[in-house]
Amino acid sequence: MESLNPATGDVIDTFDEDDESAVDEKLQRATDTYDEWHRQPIEERQRLISNAADVLRENKREYAETMTAEMGKPIESAVSEVEKCAWVCDYYAEHAAEFLQDEHIGTEPDVESYVSYEPLGPVLAVMPWNFPFWQVFRFAAPNLTAGNVGLLKHASNVPGCAMAIQEVFEEAGYPDGAFTTLLVGSDKMEDVIADDRLAAVTLTGSEPAGRAVAETAGSHLKKTVLELGGSDPFVVLPDADIEDAAKTGARARCINSGQSCIAAKRFVVHDDVYDEFMDEFAAEMESLTVGDPMDEDTDIGPQAREDLMNDLHEQVEESVDAGATVELGGEPLDRDGPYYPPTVLTEIPEDSPAAREELFGPVASVFRVSDVEEAIRRANDTTYGLGASVWTQDKRRAKEVAREIEAGMVFVNELVKSDPRLPFGGVKDSGYGRELSEHGIHEFVNEKTTWVSDVSHSEGGVE
Ligand SMILES: O=CCCCC(=O)O
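What you are looking at is a predicted structure, and each value in this text was computed from that prediction instead of being measured.

Scoring rules and cut-offs
- Residues numbered from 1 in each chain as written.
- Predicted model: local features only at pLDDT ≥ 70, side-chain atom pairs only at ≥ 80, totals over all residues.
- Heavy atoms only, no water.
- Core = buried A, V, L, I, M, F, W, Y, C linked by side-chain atoms within 4.5 Å.
- Buried < 20%, exposed > 50% of the residue type's maximum accessible area, 1.4 Å probe, protein only.
- Helix = DSSP H or I, 4+ residues; strand = E, 2+ residues; numbered from the N terminus.
- Domains from an automatic or database assignment.
- Contact = heavy atoms within 4.5 Å.
- Patch = residues over 30% accessible without salt bridge, like charges linked within 9 Å, V, L, I, M, F, W, Y side chains within 5 Å.
- Areas by Shrake-Rupley, 256 points an atom, 1.4 Å probe, with all protein chains shown as cover.
- Salt bridge = Lys/Arg side-chain N within 4 Å of Asp/Glu carboxyl O.
- Lys, Arg positive; Asp, Glu negative; His and termini not counted.
- Charge placed at Lys NZ, Arg CZ, Asp CG, Glu CD.
- Phe/Tyr/Trp six-rings, centres within 6.5 Å; stacked < 30°, edge-to-face > 60°.

Trainee: Just checking my understanding: could you explain the nonpolar core for this structure?
Mentor: General note: in soluble globular proteins, nonpolar side chains tend to be found buried as a group. By size, the foremost hydrophobic cluster in this structure holds 89 residues, and its most contacted members are Leu56, Leu124, Phe133, Phe137, Phe169, Tyr174 and Phe179. Ranked by residue count, the leading element in this core is helix 4 (residues 75-100), at 14 residues. Counting only domains with at least three residues in this core, you end up with domain 1 (2-228 + 430-450) and domain 2 (232-412). Ignoring anything within four residues of it in the chain, the contact list for Leu124 reads Leu151, Lys153, Leu182, Met189, Val192, Ile193, Leu198, Ala200, Val201 and Thr202. Listed in part, the 29 residues of the second largest apolar core include Met278, Leu288, Val290 and Trp391.

Okay, structure coming up:
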């Protein structure tokens, strides 16, 4: 496996892929470790996830540079990403015991009935390259603390990140096999998922990858959590603070160089404020600095791979051929590396890629609407349902609109963001299940019902 720097085209490192017997050995080790690990007291598991937070903070610059080198994330965001990973570890170190304590439910007199939350076993995480640390930690922190063990199949362009993450857990003092990176291609996933030793699968990635994994896991009756793509609407109503909306909108579109499932992608703007919003939004987009991801002042780095930038450009070209207008950008930059500029499209035809597909790069699609009902219809006019952002100063209306939007997360007067304290996930083709918060730690546990009758009331009994 080759790790390539998208900004320079240089090979950073090469890694030997795991062969069949290496994968088998790793799965067996994970299984054996699980046997011991899930019997550890919760306090011990909390202590170790807290250690992991310390390891992350101690080495944050090094991990950030690994990310920036492998997938082009601007360095300042890469440092913040490592800090956020430490936060999610701290969060479960503090709250896991409370989230996993038995839930007593009153049923009948002289009966003790309760739900306990017990781990399932080895869980496979298939993870993408765009937030190569964060997406893994938001799986690993709750799951390892719940008593599961983790196997990571990371995207093949970030093997250095995958290995660095495994080292975080080793340094934190986790037993060998509690968290293991599999260095394999996607073609090996079917066998791993089918393996009896594997309990469940979580995937963050594209819709086709999600469908394939869910199909295999389903045929083996294994639970899945899927966090797939998004085409998040960013709805601007007439009473919005336009300056704030335009500034935040540009940030929301270009976060991670535009390569985020929860980036704002379709801007749905009320006619009354359309011109004002467009002027400010285009100016904000234009002001973002595209450049070397190692430079602290860079807002937008290279796209993570040349082929991905070419796909993005093809979507823009097809939309323009169909009749869309380019207000800003629209052509790859004339420099080495897959750099795509902030781009704004308007007058977008219904069936063009800019209206229908996820655009995974710094390209904003802007739609003009004439009333709130049309705004809601337009916001929901997508197969995706991950996040949405709504801008209005009328709180009551904001909440009404939020209820009408088909998405897993709605943020009012704020961009869509993940937060360890809040559930994260989508509906429709954006997937199912939730990560983070109390909801996330309950996804891969056996919610076991126990009913204990008072002995004096039981008729039978052990002879
Ligand atoms: O592609 C998905 C991005 C998720 C980013 C986040 O959780 O903040």
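Next comes the rest of the account.
Trainee: I keep staring at a negative patch on the surface and nothing clicks. Help me out?
Mentor: Taken together, the side chains of Asp311, Glu314, Glu317, Glu318, Asp321, Glu331 and Glu357 define an acidic patch exposed on the protein surface. Note that Asp321 resides in helix 11 (residues 306-322).

Trainee: Would you explain the packing of aromatic side chains in this entry?
Mentor: Applying the stated criterion across every chain, the model contains 15 aromatic pairs. Here the aromatic rings of Trp37 and Tyr174 are separated by 5.4 Å at their centres, their planes lie at 45°, and the arrangement is tilted. With Trp37 in helix 1 (residues 20-37) and Tyr174 in the loop between helix 6 (159-172) and strand 7 (179-181), this residue pair connects regions lying 137 residues apart in the sequence. Classification of Trp37 as buried rests on a relative accessible area of 2%. Relative to Phe99, the ring of Tyr91 lies with its centre 5.9 Å away and its plane at 45°, an arrangement referred to as tilted. For Tyr91, a relative accessible area of 10% translates into the label buried. Overall, Phe99 belongs to the buried group, its relative accessible area being 6%. Members of the aromatic cluster, connected to one another through ring pairs, are Trp37, Tyr63, Phe133, Phe137, Phe169, Tyr174 and Phe179.

Trainee: Would you explain the pattern of salt bridges in this entry?
Mentor: It is possible for side chains of opposite charge to pair when their charged atoms get near one another. On inspection of all chains with the given rule, the structure shows 32 salt bridges. In this structure, the salt-bridge partner of Asp18 is Lys26, at a minimum N-O distance of 2.8 Å. Salt-bridge contacts for Glu227 lead to Arg138; the nearest nitrogen and oxygen are separated by 2.9 Å. Of this pair, Glu227 sits in strand 9 (residues 223-227) while Arg138 sits in helix 5 (residues 134-146); the two residues are 89 residues apart in sequence, bridging distant segments of the chain. Side by side, Glu227 and Arg138 carry an identical accessibility label, which is buried. A single network of salt bridges, built from pairs that share partners, joins Glu350, Asp351, Arg356, Arg378 and Asp381.

Trainee: Please explain unusual backbone geometry as it appears in this structure.
Mentor: If a residue is not glycine, its phi is most likely negative; likewise, a peptide bond is most likely trans. Of note, the phi angle at Asn256 is positive, near 55°, even though the residue is not glycine. Among the secondary structure elements, Asn256 is positioned in the loop between helix 9 (242-254) and strand 11 (264-270). Judged by relative accessible area, Asn256 falls into the buried class, the value being 7%. Positive phi values are uncommon outside glycine, yet Ser257 reaches one of about 60°. Position of Ser257 among the secondary structure elements: in the loop between helix 9 and strand 11. A relative accessible area of 1% means that Ser257 is categorised as buried.

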